[in-house]
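In case you want the letters, here they are:
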Amino acid sequence: MRPRPRAPAVIAALLSIPALLAVSGAVALEQGDRRSGIAFASPQTQAMQADDTANPGMLWVMDGAQLWRRPDGAAGKACQECHGDAAQSMKGVAPRYPDFDAGLGRPVDLSGRINLCRVRHQRAAPLAHEGSEMLALTAFVAFQSRGLPMAPAADARLAPFRAEGRRLFEQRMGQLDLSCANCHDDHWSARLGGSPVTQAQPNAYPLYRLEWQALGSLQRRMRNCMAGVRAEPFAYDAADYIDLELYLAARAAGLPMETPGVRP
Amino acid sequence: MRAAALTAGLLAGLLLAWLLLAGFLLVGFLLVAARADAQTLVGYTVEGDAIGAPLTGAPGDAARGAGLVADRTLSLCVLCHSGLEAPAHMQGNLAPSLAGIGARLSEGQIRLRIVNMKALNPESIMPAYGGSSPGARVANAWRGKPILSGEEIEDIVAYLSSLKG
């Protein structure tokens, strides 16, 4: 039998290139160079993250499991009533976020999505971004994807927001006049004072930071870095943070999810 | 051997000349900006790749300068540089060691590098300590202010110039 030309497969492959490029091609950090923040941490911190009985972040995950089952809002519904067993329904969700929300016409991150469920589906008040209930729910949902590779959404509608995130990442800011990229793209293997600079990878959030003595979100960590260069941080949930998160997610594609991480 | 070294020297000289030209233009611009806000920013004149004249009337204090460069929150030098009087594990490596800098650079050259490294290398990550930042979203508390005062910069110049070893 004469082999059929494999044009359809080739065309399909070619067609998927722009989508792939849109997500992982438009970043300044090569796939093979990507390292999770945990790779730069001390052996003690690594051991603390790896052992669920020693990882303080697991307390928030357990709180989240209870909140998942708690009926709330005017609708009196629990997350579980609509989503069932989180181990199944939420597996693979966090590695895709931020994702596009058609209703808002813009991307939302995982906590933003949870608040949309509270408002739209539970008819409850939105939770504060850095409050313990939101951190617990976000950690619980992200925990269901622990070990899965970061797989940023390829939705073409996200492209302009991700590009804006990259612009922000590369913009010099603050009194020290430094961009995120100055440190996290150009000097990630160096040390700033006593701290490894690392690549600003988002794959372990929310995470327990020893300096905070608490779980904190990716936005809180970004605020720390902005304050560090003496720039005015954005307000929590600002569109600028979501755009930055989108860009960070694209830079992180392929890294395993580690929520809840532990950092110094 | 000799000829190669000479050519390399000439090339380096040409490059430096270009950098200096760019530097003059930049510093000239900053000077105009500085005059508009003379209360917080120091005025200075760049000659070659140096600021020859001290920024203040009184000479700097090297002992105070040693404390300043090791300060992680005020001067931040030690976050990027090593070769300073601070525990080795607290010193950064985003920048060259400053050990023996006083033997490599003149006082005036050190002064310009602290006041405005970007006059010599616009892409530098070293903050311009004597000017107001062109960066976006400068936090309220710092807006329009230099990172260090003229006195503090002179103290650091005195200290770094003493590092001859």
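Cut-offs used in this document
- Residues numbered from 1 in each chain as written.
- Chains lettered and ligands numbered in written order.
- Predicted model: local features only at pLDDT ≥ 70, side-chain atom pairs only at ≥ 80, totals over all residues.
- Heavy atoms only, no water.
- Domains from an automatic or database assignment.
- Contact = heavy atoms within 4.5 Å.
- Buried area = accessible area lost by both parts, 1.4 Å probe.
- Salt bridge = Lys/Arg side-chain N within 4 Å of Asp/Glu carboxyl O.
- Polar contact = N/O pair within 3.5 Å; in protein donor to acceptor, adjacent residues only side chain to side chain.
- Helix = DSSP H or I, 4+ residues; strand = E, 2+ residues; numbered from the N terminus.
- Buried < 20%, exposed > 50% of the residue type's maximum accessible area, 1.4 Å probe, protein only.
- Lys, Arg positive; Asp, Glu negative; His and termini not counted.
- Nonpolar A, V, L, I, M, F, W, Y, C, P; charged D, E, K, R; others polar.

Visitor: Hey, could you run me through the domain arrangement of chain A in this one?
Guide: Put simply, an interface is often sized by how much accessible area is lost when its parts join up. Residue and element names in this part refer to chain A. The domains assigned to chain A are domain 1 (9-52 + 154-263) and domain 2 (61-143). Centre-to-centre, using C-alpha coordinates, domain 1 lies 22 Å away from domain 2. Each partner contributes residues to the interface: domain 1 has 22 residues there, and domain 2 has 20 residues. A buried area of about 1,700 Å², summed over both sides, lies between domain 1 and domain 2, and 70% of it is on carbon and sulfur atoms. It is Phe161, Ile242 and Met257 that lose the most area in domain 1 upon contact with domain 2, and together they represent 24% of the buried surface on that side. Linking domain 1 to domain 2 there are one salt bridge. Between Arg106 and Asp243 there is a salt bridge whose closest N-O contact spans 3.3 Å. For the interface between domain 1 and domain 2, the tally reads four residue pairs in polar contact (both at pLDDT 80 or more). Looking at the side of domain 1 that touches domain 2, the elements that each hand over two or more residues are strand S6 (214-216), helix H10 (218-228) and helix H11 (239-252). Per element, the largest residue contribution to the side of domain 1 that touches domain 2 is six residues, and it comes from H11.

Visitor: Would you explain the side chain of Arg34(A) in this entry?
Guide: Residues and elements named next belong to chain A. Tracing the sequence through the fold places Arg34 in the loop between helix H1 (7-25) and helix H2 (43-50). In this structure, Arg34 is buried with no salt-bridge partner, the nearest side chain bearing the opposite charge being Glu30 at 6.7 Å. Polar side-chain contacts of Arg34 include one of 2.9 Å to the backbone oxygen of Arg251.

Visitor: Please clarify how the pattern of salt bridges should be interpreted in this entry.
Guide: Note on pairing: side chains with opposite charge can pair once their charged atoms come close. Residues and elements named next belong to chain A. Enumeration according to the criterion identifies 20 salt bridges over all chains in this entry. Note that Asp99 is salt-bridged to Arg96, the shortest N-O span being 3.0 Å. Across the pair Glu164 and Arg167 runs a salt bridge whose closest N-O atoms are separated by 2.9 Å. On the criterion of helical spacing, the pair formed by Glu164 and Arg167 is a turn pair, its members being three residues apart in helix H8 (residues 159-169). Using a relative accessible area of 26% as the deciding quantity, one classes Glu164 as partly exposed. On the accessibility criterion, Arg167 (42% relative accessible area) is partly exposed. Beyond isolated ion pairs, a larger network of salt bridges with shared partners links Arg70, Asp72, Arg118 and Glu133.

Visitor: Hey, could you run me through the interface of chain B and chain A in this one?
Guide: Listed by partner, the interface residues are 32 residues for chain B and 22 residues for chain A. Summed over both partners, the interface of chain B with chain A comes to about 2,100 Å²; 52% of that surface belongs to carbon and sulfur atoms. It is Leu94(B), Ile125(B) and Arg137(B) in chain B that bury the most area against chain A; as a group they hold 30% of the surface buried on that side. Across the contact surface, chain B and chain A share one salt bridge. In this structure, Asp177(A) and Lys118(B) form a salt bridge, with 2.9 Å as the shortest nitrogen-oxygen distance. If you look at where chain B meets chain A, you find 16 residue pairs in polar contact (both at pLDDT 80 or more). Class assignment for the residues of the side of chain B that touches chain A results in 18 nonpolar, nine polar and five charged.

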